[in-house]
Amino acid sequence: VTTLETRGDALRQAWASPPGLEGFTSAVNHKSIGKRFVVTAFVFLLVGGLEAMLIRTQLIRPENGFLDAETYNQLFTMHGTTMMFLFAVPMVEGLAMYLVPLMIGTRDLPFPRLNAFGYWCFLLGGVLLNWSFLTGSVPDGGWFAYTPLTGPEYSPTAGMDYWLLGVTFVEIAGVVGALELAVLILRQRAPGMSLLRMPLFVWSILVTSGMMLVAFPAVITASILLELERKLGLPFYDPGAGGNPLLWQHLFWIFGHPEVYIMLLPATGIVSAVIAVHARRRIVAYELVAAALVAIGVISFGLWVHHMFAVGIPVLAQTLFAVASATIAIPSGIQVFAWLATLLQGRPRWTTPMLYVVGFVVTFVAGGITGVMVAAAPFDWQAHDSFFVVAHFHYVLIGGVLFPIFAGLHHWFPKMVGRVPSEGAGRLSFLLVFVGFHVAFFPQHILGLRGMPRRVYTYGEAVGWDGYNAVSTIGSYLLGLGVLVFAYNLVRTWRRGPVAPDDPWGGDGLEWSTASPPEVHNFRRLPVVAGRAPRWEPAPVPDERTASAVTTLTVPEQGRRQQLHTTMVAAEVDDVFSVPGSTPWPLWTAVSIAVALVGVLIDHAFLAVLGAVLVVAAGLRWTSPPGGWRADPSTWADLEAPASRPGGWHGLLLGLVAVGCIGGSFLYAYFYLLVTTGGWPPPGVGPPAVLLPSVAVAGVVAATVAVGVAGRRVEARVPALVLAGLLGLAALGADALDLANLPFSPADHGYGAAFVTLRAFAMVVLVAGILVLGVALRASLRRPDDPWTAAVLQITRLLWVFVAATAVVVWSVVQLTPRVSGGEGGSRTGSVPHHSLATGIGSGTGGDAPR
Amino acid sequence: VRRLAVALTAVLLGTACAGEPSALDPAGDTAAQLADLWWLMLAVGSVVWALVVAVLVRAAMGRRDGDGEPGDWSGQRLVVAGGIVLPVVVLVPLLLLIFRVAEGLSHEPRQDDVRIQVVGEQFWWRVAYENAASAVDANEVHVPVGRPVTLELTSVDVIHSFWVPNVAGKTDLIPGETTHLRFEVDRPGVYRGFCAEFCGIQHAGMRLVLVAQDADEFDDHVRRLAQDAAEPREPLAAEGQQVFERVGCASCHAVRGTDAAGAVGPDLTHFASRRTIGAGVVANTRGNLAGWVVDAQGVKPGNRMPPQPVDPEDLEALLAYLEDLE
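Here we summarise the structure given alongside this text.

Cut-offs and rules
Residues numbered from 1 in each chain as written. Chains lettered and ligands numbered in written order. Predicted model: local features only at pLDDT ≥ 70, side-chain atom pairs only at ≥ 80, totals over all residues. Heavy atoms only, no water. Buried < 20%, exposed > 50% of the residue type's maximum accessible area, 1.4 Å probe, protein only. Helix = DSSP H or I, 4+ residues; strand = E, 2+ residues; numbered from the N terminus. Pairing = 2+ DSSP bridges. Axes fitted to C-alpha atoms, helices over the stretch in contact; angles between N-to-C directions. Contact = heavy atoms within 4.5 Å. Parallel < 35°, antiparallel > 145°, perpendicular 65-115°, else oblique. Left-handed = near helix turned anticlockwise from the far one by under 90°. Expected span 1.5 Å × (residues − 1). Arc of directions from axis to C-beta. Phe/Tyr/Trp six-rings, centres within 6.5 Å; stacked < 30°, edge-to-face > 60°. 1 Å grid on protein atoms, 1.4 Å probe; cavity = no way out; pocket = protein on both sides within 12 Å on 5 of 7 lines; lining within 4 Å. Points joined across faces, edges and corners; volume = space filled by probe spheres on them. Buried area = accessible area lost by both parts, 1.4 Å probe. Salt bridge = Lys/Arg side-chain N within 4 Å of Asp/Glu carboxyl O. Polar contact = N/O pair within 3.5 Å; in protein donor to acceptor, adjacent residues only side chain to side chain. Nonpolar A, V, L, I, M, F, W, Y, C, P; charged D, E, K, R; others polar.

**Notes on the pairing of strand β1 (residues 561-566) of chain A**
Residues and elements named next belong to chain A. Of all the six residues making up β1, six are buried; the element is thus mostly covered by neighbouring parts of the structure. The two faces of β1 match: Arg-561, Gln-563 and His-565 on one face and Gln-562, Leu-564 and Thr-566 on the other face are all buried. In the sheet, β1 pairs with strand β2 (residues 573-579) via six bridges, with the strands oriented antiparallel. Counted as the bridge partner of His-565 is Asp-575 from β2. Between β1 and the antiparallel strand that follows it, β2, lie six residues; Ala-571 among them carries a positive phi value of about 60 degrees.

**A short note on the sheet that holds strand β3 (residues 136-138) of chain B**
Hydrogen bonding along the main chain pairs the strands of a sheet, whether they run parallel or antiparallel. All names here are of chain B. In space, the five strands of this open sheet follow the order β3-β2-β1-β5-β8, with mixed pairing throughout. Strands with a single pairing partner mark the edges of an open sheet, and in this sheet they are β3 and β8 (179-183). Between one strand axis and the next, the sheet turns by 25 degrees as a mean value, whatever way the strands run. Across five bridges, strand β5 (residues 149-155) lies against β8 in antiparallel orientation. When the sheet's bridge partners are listed, Glu-152 is paired in β8 with His-180. Running at roughly 105 degrees to strand β2 (residues 124-129), helix α4 (residues 215-226) makes contact with β1 (114-121), β2 and β3 of the sheet.

**Re unusual backbone geometry**
Residue and element names in this part refer to chain A. Of note, the amide linkage connecting Trp-680 to Pro-681 takes the cis form, showing an omega dihedral of -10 degrees. Residue placement: Pro-681 occurs in the loop between α20 (647-676) and α21 (691-712). If you check the backbone angles, Ala-145 has positive phi at about 50 degrees while not being a glycine. Relative to the helices and strands, Ala-145 resides in the loop between α5 (112-135) and α6 (159-187). Of the residues examined, Ala-145 reaches a relative accessible area of 0% and is grouped as buried. Phi at Asp-385 takes a positive value of approximately 55 degrees, unusual for a residue other than glycine. Its place among the elements puts Asp-385 in the loop between α13 (377-383) and α14 (387-417). A relative accessible area of 4% places Asp-385 in the buried class.

**Re the packing of helix α18 (residues 585-601) of chain A against helix α19 (residues 605-622) of chain A**
Residues and elements named next belong to chain A. Running from amino to carboxyl end, α18 crosses α19 at an angle of 165 degrees, the nearest separation of the two axes being 7 Å. Our classification of the angle between α18 and α19 gives roughly antiparallel. Like other packed secondary-structure pairs, α18 and α19 cross with a definite hand, here left-handed. Two secondary-structure elements touch here, α18 through Trp-585, Pro-586, Trp-588, Thr-589, Ser-592, Ile-593, Val-595, Ala-596, Val-598, Gly-599 and Val-600 and α19 through Leu-607, Ala-608, Gly-611, Ala-612, Leu-614, Val-615, Ala-618, Gly-619, Arg-621 and Trp-622.

**Things to note about α19(A)**
All names here are of chain A. Helix length check: α19 (18 residues) gives 25 Å between terminal C-alpha atoms against 26 Å at 1.5 Å per residue, within 8%. Among all positions of α19, only Ala-608, Gly-611, Ala-618 and Trp-622 are buried. One side of α19 holds all its buried residues, which, seen down the axis, span an arc of 90 degrees. Among the exposed residues of α19, those oriented more than 90 degrees off its buried face are Ala-605, Phe-606, Val-609 and Val-613.

**Here we look at the packing of aromatic side chains**
All names here are of chain A. Tallying each qualifying case throughout the model produces 58 aromatic pairs over all chains. Here the aromatic rings of Tyr-119 and Trp-120 are separated by 5.3 Å at their centres, their planes lie at 65 degrees, and the arrangement is edge-to-face. The exposure class assigned to Trp-120 is buried, which follows from its relative accessible area of 6%. With a centroid separation of 5.3 Å and 90 degrees between ring planes, the pair formed by Phe-252 and Trp-253 is classed as edge-to-face.

**Section: empty space enclosed by the protein**
One pass over the structure, following the stated rule, counts 10 cavities of 30 Å³ or more. Taken as a whole, the largest cavity spans an internal volume of roughly 1,000 Å³. As for the largest cavity, its lining consists of 50 residues, of which Gly367(A), Gly368(A), Gly371(A), Val372(A) and His392(A) are closest to the centre. Put simply, the parts of the chain that give the lining of the largest cavity at least two residues each are α8 (245-278), α10 (315-327), α11 (329-345), α12 (352-375) and α14 of chain A together with α2 (29-61) and α3 (73-104) of chain B. The calculated volume of the second largest cavity comes to roughly 140 Å³. Where the lining of the second largest cavity is concerned, the elements lending two or more residues are α21, α23 (750-782) and α24 (787-820) of chain A.

**Focus: the interface of chain A and chain B**
When the parts of a complex come together, some accessible area is lost, and that lost area is often used as the size of the interface. Each side of the interface is counted separately: chain A has 103 residues, and chain B has 106 residues. Summed over both sides, the interface between chain A and chain B buries roughly 8,400 Å², with carbon and sulfur atoms accounting for 69% of that surface. Interface area lost by chain A to chain B is led by Phe337(A), Trp381(A) and Gln382(A), which between them contribute 9%. For the pair chain A and chain B, the interface holds one salt bridge. Remark: the boundary between chain A and chain B carries 12 residue pairs in polar contact (both at pLDDT 80 or more). At the level of elements, α4 (69-104), α8, α10, α11, α12, α13, α15 (423-449) and α25 (833-839) of chain A are the ones that each hand at least two residues to the side of chain A that touches chain B. Considering every element that reaches the side of chain A that touches chain B, the biggest residue donor is α11(A), with 12 residues. Of the residues in the side of chain A that touches chain B, the class split is 64 nonpolar, 26 polar and 13 charged.

This is the structure in structure tokens:
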């Protein structure tokens, strides 16, 4: 016993966060960060809910004067934005960060500092968005922010800038969280937990993470382009200058539709977890459910156009997207019937989490059915942008996402806090939430069919909408009350609820084998599993290698935070690795980004540049070796034998997937504008210069070769890195020189704007490559023989492959397209149809009248 | 009880009274096809939903013992039947039907259609009839019954969307593009319409009226719209015309046949024939008109018309002139 106690103390010491304010700003533990995500997201739920109550109050009767038009438009914009970006996604991410390491039997996430950084980005981004209320310039363009309404001409206040910068900041948190969770799930599962033994919640998070890495870049790109249009006049979305407002809609919905499933899939994962435990039966048809999760993830990327059925897309295309949208009913149906079969065969207990799950099934299935209806293109011509759609997506998002989140919070609360919430208050909250929800949103279907468009701050008396609206508003108050009861229950429990046992529900998963709340290191001895429900099965006898690995890890070597890598598919023991401890640098990096964004927001160039410089400085500090450059080498020189691939390599790979998708979105924008304006370059603009860009791309390729040499040959490492750096700098110089002497301005035409952004993207990637070269060079000079340095070099090589690929692709596109597409002078918008139409009307200046 | 049931059904299904907008009270074949599709989908969807809830209730009522094996066959079978077979059986015929309806209601304009151009502006609709170059109107679209109509839609500022629920689905008005909405109305009447795409502060106040009338009446209406304004018939109205030009109305509004040629706001040549003021926000009555002229911002905050400080006598004359523009 004494030995075990001592081991526990040593582990506790190694993993503990410092106390007090220092601990608060520098904690990186997945449980601290996960809890912060959950609590912050819940606060934003209350903020978004308050906004909803105000909206509903305004609509309670016709011609109501409670809110003016401007305030109403601000409130529905912030309501949607808050619920999507600041509540739903961070909430499920926070739950995943807290729970997944426990569920898969590991101690922490693979990149704890990155995780902390994600939280600070989320918090600061959320604060930035809501700061707009204090300045009066509140975003008011709707949560999907269609251009040109949100462009510089029709939204001249800073409101949209708050929106674009705040949302992008929060999206960064989403991307790094996704990357982190994916690497965690793929590399750190307990020995024996093969892919097909993972809990379904973990499956849902894995799929969701993949989706976020691909989907979020599209909206990040769309936002960057719009901010460039607003601040620098680059006309991406301006049809008068070779832009196209529909480009925004495509980019936004390429993100926006997967976004729905990014919220929904983790929620279904929660449902699977809750049903199994509270029906005391494993989920039926596990393999089908896991396959359904993957299928939904893939299909969701093929549906975006069904948000655009009213923009005049050819009927055939509409039908194809309708078919694609309807197919998602199959994987959804599989999940629903798997839950039903489990309930039929199990012995359900009607606890609060289970009630929320039943409420979920009833509501979500209804929302799914109306989803098939609105995916039916012809019917959508009626339903689109009406209250029918409002009803539909609230069925999906409240019924399908909020109910499961509440089920999950109640279910895991004893684990996270160590106290059991009251069942009575929980059931009361369910009753209010469920009844209130349906009273609020069922009538909205009818309102939509009776012609009420969404986003109207008022309506006349003669249209017959008053009764339904009054009922809906009363329902929304009940729903709001239910949420408050739920919140009150948790807060009260947190302060003085009955103490929870380790496993209050008789759960199946590894999370229930930890203390409530878990110790800072989660497991004293890392678990080994042999089935899908480890707690319901006899403990396996691990093989010798596994046993020795988990035994070794019961004592932290030299106080390091050691974890176990396992193989991706079979989860066999791979190697031991260490993660860094508490540090405030993630916070300072996030603050630096905030400084830069505020600089952009208030048009303060110095502040923006200062922020950017601080980001680089903080990032370099962040990338120092464990213990810092000056630390005694003995504390880290004898790191464990490195795996074939360090964890950071996988992290970078996924990060590059996301950055590559940003680049891909820039390319999409380039080609979309090229095609819809009928060929590039526009009249009067020649094809781009060849010499300097070609020199630059050759330099980048040569530098990449040098980086490769540095990675393979230890003796040539330093000179090769120096050479690569010089080549990279030369390429950067050539690019900059070329862009400085462009014969056209990027603000003149969509062509120039897309051309320059694509080139600038390649240059930013190149700068990142050069900075990392600096880190690699420093490591090679100061710690030439360390495994850490070898890992840095592996990562540098991977990055440079990406740098070179980007340079070559961008060079090919910008050089070839103007020469191939012919540029018939065919700016379609040069002979804009609406001019001819407008001149047919009135005195002929209608279209051009100054306003 | 029966009457109560009928009334309840009416409330739940949203049956609209005359004059109230509703996609389920079709005024013509186009909207009728969409409404039929809705009723069919509602019926099928309700059955599917009831099925799921029935299984759920069954699960709640019956208590079973024992923990079935993970690969339990009967459970798997339910999942395959409900999750794969059921959606396929329901969706394949439905999708085929949807494809047929969509094709039949294609918005591609055809040769013999009545063509009407509609331009969206923040926050009103500019309307022109193709068969009479100067037949210009605003916020009111007249169509003949029994003839296919194609609207040619575009916008000069932000994206709007044209929606008259009783008549057809909606189509967006997009700057830099021309989109089409093709439909047929069979039942004469006056139908309310709305801008359905959020377009700024007065999105809610961007409404319209669609008037379906017999072909003769329609032709008369368009012919009249094409004419210049008649000379004021009464002295007060003539005085009002001077006020119109003096206080600056003419800098934004046109009255064809006079010097007033502003093009920022709606053409007022046949203003008195319109049913509404401010793009469907209030009825075109004398009182509403006076309120609108003096303080349009009070009626529809955020629209582009500035308040007009007109003294009472001038206002009388101005109203007389405007009411004379038939």
